[in-house]
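If you want the building blocks of each chain, they are given just below.
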Amino acid sequence: MMTSRERFVNVLTGRPVDRVPFMKVFGGTNAVLPRWLQERPGLDREIDALLQFEGRYRGWDCPPVNLDLSCVNTWEIVAEDAETRTARRPDGMVKLFVKGCDFHHQTIEFPVKGRADWERIKARFLDPDDPARFPGNWDDLVARYRGRDWPLQLTHRGVYGIPRVLMGDEALAFAFYDDPALVHDIMDTYTDFAIRVWEKMVRVVDFDLVECWEDMASKNGALISPAMVREFMAPNYRKIRAFAEAHGIPIVLVDSDGNTMAMAEVMLEAGVNAMYPWEVLAGNDVDALRERLPGMAAVGGLRKEAMAEGPAAVEAEMVKAARLIRKGRFIPGPDHFVQSHTSWEQYRYFMQRLREVVLATPVESP
């Protein structure tokens, strides 16, 4: 019998496999909605075991090594009221957080407004040799990782993702034209930094994938053109792919919301061989993707809205899941985290049905 680690790698790379793994894909370890705890107290301690998710975290795990700016967790509260909190980081980022909500926050000041800001941040907050990047229990984690049966990732904060976070989408869009050298420097410097941190990690642990967070698309497609992906991003993805191949890491996985159908072709050219989550309402079509780009694997791809729409909608997604599983290079899951109006019973029904489909459906086209 194969492990979830072996299934994850073999499915996404098109190798023979006994079945696809049953993975959460979105939500993290024992993640629940607040209303679910009212319906079922204690669910946040048992949901993963109850639903029999395989692997760790989303199905694949990530070590708690800081691949972001070294100041990422050092917020200073500058204003607060009953509903919101405004906080500033030492790099200059200011955010407004809505209390009691997940993902309800807004950057109201970005730290990089020009070359001087970037030079300051680069010199102060991107030291790959800072020992604080590794947790105090790193040796214990290494021992645990060596005996694992689940996939483990190296993390990249995004070739597009890093300048987006530092500059904001609008300023970055102008910078591609007004100061392309700055954009190149941010992307290139961060990727080189990440590789230097990874080098420390691969000396003691074997990894299965590199995951890159991009979130660089809306329902209308990517926020930059294919030509810009090739000019600015692809050289860094080739560095990532070269590192992965040199260290026996078979998967380079890109995480981007929105419609990524056109972006997938350029990513595949640059060495990316898997993407997720393929949001359906954004216009993604995993059937068409697998036909057009057989070398690009997919994770997710099932319409999360179906959970709250009832059994008929769920069954339609199960038919789709089975069809895509048979085609190969596909691990099914919701195309993002569950919506806030979805009940625990609706989520449980969707996931129980998905597990049944996963266990019963063979991969016919490895």
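Just so you know, these numbers come straight off a predicted model, no measurement behind them. (Residues numbered from 1 in each chain as written. Predicted model: local features only at pLDDT ≥ 70, side-chain atom pairs only at ≥ 80, totals over all residues. Heavy atoms only, no water.)

Can you help me understand the state of the cysteines in this one?
Two cysteines whose sulfur atoms are joined by a covalent bond form what is called a disulfide. The tally for this structure, following the rule as stated, stands at zero disulfides. Cys62 takes part in no disulfide bond, and the closest cysteine sulfur, belonging to Cys212, lies 13 Å away. The class for Cys62 is partly exposed, based on a relative accessible area of 26%. In this structure Cys71 is a free cysteine whose sulfur lies 20 Å from that of Cys62, the closest cysteine sulfur available. (Disulfide = S-S within 2.5 Å. Buried < 20%, exposed > 50% of the residue type's maximum accessible area, 1.4 Å probe, protein only.)

Got a minute to help me understand unusual backbone geometry in this structure?
Across the chain, the bulk of peptide bonds are trans and the bulk of non-glycine residues have phi less than zero. Here the bond from Tyr276 into Pro277 is cis, since omega is 10 degrees, no more than 30 degrees from zero. Within the element layout of this structure, Pro277 appears in strand S10 (residues 274-277). Here the phi dihedral of Asp215 falls at roughly 40 degrees; this positive angle occurs in a residue that is not glycine. A positive phi is found at Arg329, a non-glycine position, where the angle reads about 55 degrees. Along the chain, Arg329 turns up in the loop between helix H13 (311-327) and strand S12 (330-334). (Helix = DSSP H or I, 4+ residues; strand = E, 2+ residues; numbered from the N terminus.)

Please clarify how the pairing of strand S6 (residues 209-213) should be interpreted in this entry.
On a regular strand, one side chain projects to one face of the sheet and the next to the other, so that they alternate. Most of S6 is tucked away, with five of its five residues classed as buried. The side-chain alternation of S6 yields two buried faces, one formed by Leu209, Glu211 and Trp213 and the other by Val210 and Cys212. Relative to S6, strand S5 (residues 153-156) runs parallel, the two being bridged by four bridges. Within S6, the position partnered with Leu154 by the bridge is Val210. With five bridges joining them, S6 and strand S9 (residues 251-256) adopt parallel strand pairing. From the neighbouring strand, Trp213 faces S9, where its bridge partner is Asp255. (Pairing = 2+ DSSP bridges.)

Got a minute to help me understand the packing of aromatic side chains in this structure?
Ring pairs (aromatic) are described by centroid distance and by the angle formed between their planes. Taken as a whole and judged by the stated rule, the model has twelve aromatic pairs. Taking 5.2 Å as the distance between ring centres and 65 degrees as the angle between the ring planes, the aromatic pair formed by Phe134 and Trp138 counts as edge-to-face. The class of Trp138 is buried, set by a relative accessible area of 11%. Taking the centre distance of 5.4 Å and the plane angle of 50 degrees together, the rings of Tyr190 and Phe193 count as tilted. Placement of the pair is Tyr190 and Phe193 together in helix H8 (residues 180-202), with a separation of three residues, close to one helical turn. (Phe/Tyr/Trp six-rings, centres within 6.5 Å; stacked < 30°, edge-to-face > 60°.)

When you look at the pattern of salt bridges in this model, what are you seeing that I'm missing?
Note that side chains of opposite charge can pair when their charged atoms are close. As enumerated under the stated definition, the model contains 35 salt bridges in all. With a shortest N-O distance of 3.5 Å, Glu119 and Lys122 are connected by a salt bridge. Here Glu119 and its partner Lys122 are both found in helix H4 (residues 115-125), three residues apart, which amounts to about one turn of the helix. Take Lys122: its relative accessible area is 23%, and that puts it in the partly exposed class. For Glu364, the salt bridge goes to Arg326, with nearest N and O atoms at 3.7 Å. Pair noted here: Glu364 is in the segment after helix H14 (344-360) and Arg326 is in helix H13, with a separation of 38 residues, a long-range link. A relative accessible area of 51% places Glu364 in the exposed class. On the basis of relative accessibility, which here comes to 35%, the residue Arg326 falls in the partly exposed class. A single network of salt bridges, built from pairs that share partners, joins Arg115, Glu119, Lys122 and Asp185. (Salt bridge = Lys/Arg side-chain N within 4 Å of Asp/Glu carboxyl O.)

Could you clarify how one ought to interpret the packing of H8 against helix H9 (residues 226-246) in this entry?
Across the interface, H8 lies against H9 with an axial gap of 10 Å and an inter-helix angle of 10 degrees. Taken as axis vectors, H8 and H9 run roughly parallel relative to one another. For the pair formed by H8 and H9, the contact residues are Pro180, Val183, His184, Met187, Asp188, Thr191, Asp192, Ile195, Trp198, Glu199 and Val202 on the first element and Glu231, Phe232, Met233, Asn236, Lys239, Ile240 and Phe243 on the second. Taken together, the residues that form the contact of H8 with H9 break down as ten nonpolar, three polar and five charged. (Axes fitted to C-alpha atoms, helices over the stretch in contact; angles between N-to-C directions. Parallel < 35°, antiparallel > 145°, perpendicular 65-115°, else oblique. Contact = heavy atoms within 4.5 Å. Nonpolar A, V, L, I, M, F, W, Y, C, P; charged D, E, K, R; others polar.)

Mind showing me how you'd approach the side chain of Gln153 here?
Along the chain, the position of Gln153 falls in strand S5. Engagement of the side chain of Gln153 in a polar contact is seen with the side chain of Trp60, the distance being 3.1 Å. Among the polar contacts made by the side chain of Gln153, one reaches the side chain of Thr155 at a distance of 2.7 Å. Setting aside chain neighbours within four positions, we find Gln153 in contact with Trp60, Asp61, Cys62, Pro63, Phe207, Leu209 and Glu211. (Polar contact = N/O pair within 3.5 Å; in protein donor to acceptor, adjacent residues only side chain to side chain.)

Explain the environment of Ala242 to me, please; I cannot follow it from the model alone.
Assignment of secondary structure puts Ala242 in helix H9. Ala242 gets classed as partly exposed once you look at its relative accessible area, which sits at 43%. With 129 residues separating them along the chain, Ala242 and Lys113 place their C-alpha atoms 32 Å apart.

Can you help me understand the sheet that holds strand S11 (residues 297-302) in this one?
Strand pairs in the sheet, formed through backbone hydrogen bonds, run parallel or antiparallel to each other. The strand order across the open sheet built from six strands is S5-S6-S9-S10-S11-S12, with neighbouring strands paired in parallel fashion. Because the sheet does not close on itself, it has two edges, and the strands there are S5 and S12. Between one strand and the next, the sheet's axes are offset by a mean angle of 25 degrees, whatever the strand orientation. Sitting on the sheet, H8 touches S5 and S6, and the angle it makes with S5 is about 160 degrees. Seen against the sheet, H14 touches S11 and S12 and runs at an angle of roughly 165 degrees to S12.

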